[in-house]
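Okay, here's what each chain looks like letter by letter:
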Amino acid sequence: VQLQASGGGLVQAGDSLRLSCAASGRTGSSYTVAWFRQGPGKEREFVAGIFRRSGVYYADSVKGRFAISRDNAKNTVYLQMNNLKPDDTAVYYCAADSNIILSSLGQWAAYDYWGQGTQVTVSS
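Residues numbered from 1 in each chain as written. Predicted model: local features only at pLDDT ≥ 70, side-chain atom pairs only at ≥ 80, totals over all residues. Heavy atoms only, no water.

### Some thoughts on the sheet that holds strand β1 (residues 2–6)
1) Next: As summarised here, the arrangement of the four strands in space is β1-β3-β8-β7, forming an open sheet in which the pairing is antiparallel. The sheet terminates laterally at β1 and β7 (66–71), the two strands that pair on one side only. Going across the sheet, the axis of each strand differs from the next one's by a mean of 15°, ignoring polarity.
2) Next: The pairing of β7 with strand β8 (residues 76–81) spans six bridges and is antiparallel. Residue pairing for β8: Ile68 is matched across the bridge by Leu79. (Pairing = 2+ DSSP bridges. Helix = DSSP H or I, 4+ residues; strand = E, 2+ residues; numbered from the N terminus. Axes fitted to C-alpha atoms, helices over the stretch in contact; angles between N-to-C directions.)

What follows is the structure in C-alpha cells.
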C-alpha cells in the first residue's frame, strides 16, 4: 500500500483545512487508517483514526473540531479540521494497517504503511 497525504497549508487561527490520504496498491476498505502529527520539538501523536467499518476515534485535543471520514470507492481518507489553533501546527501523517485493534489505534509503531506527511501551519 502506498499512501499520499495532501491538503496542508498556512492558515490563520479559526480557519479550516481538509487533509486527504489517497491509497494505491493493495487498497480497499480492509485497512484501518489514522492521522498522526508531529509538531516542532514534539513527539509524534495520534490525532484521529477510522476503522474498516467506519468506527472513528479522536484525540481529546481535537475532539469536536476535527472529523475523519473515508470514501472507499476513492480509496481516500479525509481529515476535516475546523477551528484550527496554533497548537495544531505540525506535520500531519496518514498511516494504514490491516491489523489494528482498539488498543493499538493510537500507537504509531503499530502501522506498517505511512504517507510522506503534509505541513499544517496555523498562525495566531
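### Quick look at the environment of Arg37
1) Next: Tracing the chain through its elements places Arg37 in strand β4 (residues 32–38).
2) Next: The buried category is assigned to Arg37, whose relative accessible area is 5%.
3) Next: Along the chain, Arg37 and Val91 lie 54 residues apart, while their C-alpha atoms are 5.4 Å from each other.
4) Next: Arg37 has contacts with Glu43, Arg44, Glu45, Val47, Ser61, Val62, Phe66, Asp87, Asp88, Ala90, Val91 and Tyr92, leaving out every residue within four places of it along the chain.
5) Next: Side-chain polar atoms of Arg37 contact the side chain of Glu45, separated by 2.6 Å.
6) Next: A distance of 2.9 Å separates polar atoms of two side chains, one belonging to Arg37 and the other to Tyr92. (Buried < 20%, exposed > 50% of the residue type's maximum accessible area, 1.4 Å probe, protein only. Contact = heavy atoms within 4.5 Å. Polar contact = N/O pair within 3.5 Å; in protein donor to acceptor, adjacent residues only side chain to side chain.)

### Let's talk about the environment of Gly55
1) Next: Position of Gly55 among the secondary structure elements: in the loop between β5 (45–50) and β6 (56–58).
2) Next: Classification of Gly55 as partly exposed rests on a relative accessible area of 31%.
3) Next: On a C-alpha basis, the gap between Gly55 and Ala95 in space is 16 Å, while along the polypeptide they are 40 residues apart.
4) Next: Discounting chain neighbours no more than four positions away, the residues touching Gly55 are Gly49 and Ile50.

### Side note on the state of the cysteines
1) Next: Applying the stated criterion across every chain, the model contains one disulfide.
2) Next: There is a disulfide in this structure between Cys21 and Cys94, and the S-S distance comes to 2.2 Å. Judged by the sign of its S-S torsion, about 75°, the bond between Cys21 and Cys94 is right-handed. Within this pair, whereas Cys21 is found in strand β3 (residues 17–24), its partner Cys94 is found in strand β9 (residues 90–97), the two being separated by 73 residues in sequence. The two residues Cys21 and Cys94 agree in class, both being buried. (Disulfide = S-S within 2.5 Å.)

### Some thoughts on the pattern of salt bridges
1) Next: Evaluated as defined, the whole model comprises four salt bridges.
2) Next: Salt-bridge contacts for Asp88 lead to Arg37; the nearest nitrogen and oxygen are separated by 2.9 Å. Here Arg37 lies in strand β4 and Asp88 lies in the loop between β8 and β9, a separation of 51 residues in the sequence. (Salt bridge = Lys/Arg side-chain N within 4 Å of Asp/Glu carboxyl O.)

### Some thoughts on the pairing of β1
1) Next: On β1, burial follows the alternation: Leu3 and Ala5 on one face are buried, whereas Gln2, Gln4 and Ser6 on the facing-out side are not.
2) Next: When β1 meets β3, the two strands line up antiparallel, connected through five bridges. Counterpart to Ser6 in the pairing with β3 is Ser20.

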